[in-house]
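Given next are the chains, with one letter for each unit.
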Amino acid sequence: MLGAVNRVLLGIVGLVLVALGGSVLAIGLGAPAPSWWLHDGRDDVLLNEAERTRWRDEGWWWPVVIAVLAVLVLLALWWLVAVLRRRRLTEVVIDTGDDEEASLRGRALEQALAEEAGHLDGVEQAHVVLTGRRGTPRARILLLLDPRVDPSTALTTLAEGPLTHVRTSAGLPALLTETHLKTQKHPPERVT
């Protein structure tokens, strides 16, 4: 979801900046200004003295300006934090039993779990993402199922097989898992 919002916002900001920048550049190079354009021509300034000082003496002007700028700064900071925050777990800490810890690459654990889940009966494809903290990972699993497979059977097989193997081999007391099941579309079958 965040990736889609990020792409849409970047697209909108990019289109607005290209449209405004291109218009200003074209008029600055001597192209005639369109009738809807805010300014008359090449030598016109972006904001003249009257436009800049128009509402300065109004009591509502400065609080509105400050509130709008504060909201824009907060939205920009939220966006920056959301983009920079890592969603995937890079490593999982494993207790070796002798008061030491070992680390396992998150991608390796994801690939092992996805490969084992992908070999289950009726599973066409499996995708795994590890999130959470290093000591308490969480797994998000997407299984693409054959249309003739019972989803509850596939879920039980996943829990008893690959998830149990991962918990045992990594020495994890628990692995919270969110599983999404999708069925692969198939053409309708003819009955004669």
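The structure under discussion appears in the preceding block.
This structure is a prediction, so every number in the text was calculated from the model and none was measured. Per chain, residue numbering runs from 1 following the sequence as it is written. Reporting of local features is limited, given that this is a predicted model, to residues whose pLDDT is at least 70; pairs of side-chain atoms are given and counted only at 80 or more, and all residues count toward the totals for whole chains, interfaces and linings. No hydrogens and no water enter the side-chain calculation; it runs on all heavy atoms of the structure.

Novice: Go over the nonpolar core, please, and point to the residues and values.
Specialist: Where a protein is soluble and globular, its nonpolar side chains tend to be buried together. Grouped together as the largest cluster of nonpolar side chains are 24 residues, with contacts concentrated most on Ile 141, Leu 143 and Leu 158. Helix numbers and strand numbers start at the N terminus; a helix is a DSSP run of H or I with at least 4 residues, a strand a run of E with at least 2. Listed by contribution, the elements that provide at least two residues to this core are strand E1 (91–95), helix H4 (106–118), strand E3 (123–132), strand E4 (137–145), helix H5 (151–160) and helix H6 (162–170). Here, two residues are considered to be in contact whenever any of their heavy atoms come within 4.5 Å of each other. Leaving out residues up to four positions away in the same chain, Ile 141 has contacts with Leu 113, His 127, Val 128, Leu 158, Leu 163, Thr 177, Glu 178, Thr 179 and His 180. Buried residues of nine kinds, namely Ala, Val, Leu, Ile, Met, Phe, Trp, Tyr and Cys, make up a nonpolar core once their side-chain atoms join them within 4.5 Å. Residue burial is assigned from relative accessible area. The probe radius is 1.4 Å, only protein chains are included, and a residue is buried under 20% of its type maximum, exposed over 50%, and partly exposed in between.

Novice: Explain the packing of H5 against H6 to me, using residue names and the numbers behind them.
Specialist: All axes are obtained by fitting lines to C-alpha atoms, using only the stretch in contact for helices, and the reported angles, taken between N-to-C directions, cover 0 to 180 degrees. Two numbers describe how H5 lies on H6: the axes approach to 3 Å, and their chain directions differ by 15°. Between H5 and H6, the angle is such that the two are roughly parallel. Side by side, H5 and H6 meet where Thr 157, Leu 158, Ala 159 and Glu 160 of the first sit next to Pro 162, Leu 163, Thr 164 and Arg 167 of the second. Note on angle classes: values under 35 degrees are labelled roughly parallel, values over 145 roughly antiparallel, values of 65 to 115 roughly perpendicular, and the remainder oblique.

Novice: So what's going on with the packing of aromatic side chains? Which residues, and what values?
Specialist: Any Phe, Tyr or Trp ring, taking Trp's six-membered ring, that has another such ring centre within 6.5 Å forms a pair; planes under 30 degrees apart are called stacked, those over 60 apart edge-to-face, and the others tilted. Taken as a whole, this structure holds two aromatic pairs when the rule is applied. Both rings, one in Trp 60 and one in Trp 61, keep their centres 5.9 Å apart while their planes meet at 80°; by these two values the pair is edge-to-face. Here Trp 60 falls in the partly exposed class, since its relative accessible area comes to 41%. Ring centres of Trp 61 and Trp 62 lie 6.3 Å apart, and the angle between their planes is 65°; this geometry places the pair in the edge-to-face category. Through a chain of ring-to-ring contacts, the aromatic side chains of Trp 60, Trp 61 and Trp 62 assemble into a single cluster.

Novice: Which residues make up the packing of H4 against H6, and what values do they have?
Specialist: Geometrically, a packed helix pair is captured by the angle between its two axes and the distance between the axes. Packing of H4 against H6 leaves a shortest axis separation of 9 Å and a crossing angle of 150°. In terms of axis orientation, H4 runs roughly antiparallel to H6. Read as a crossing pair, H4 and H6 show a hand that is right-handed. Two secondary-structure elements touch here, H4 through Leu 109, Leu 113, Glu 116 and Ala 117 and H6 through Pro 162, Leu 163, His 165 and Val 166. The crossing is said to be left-handed when, going from far helix to near helix, the turn is anticlockwise and less than a right angle, and right-handed when the turn is clockwise.

Novice: Requested: an account of the environment of Gln 125, with residues and values cited.
Specialist: Tracing the chain through its elements places Gln 125 in strand E3. The class of Gln 125 is exposed, set by a relative accessible area of 51%. Through-space distance from the C-alpha of Gln 125 to that of Leu 142 is 8.2 Å; in sequence the pair is 17 residues apart.

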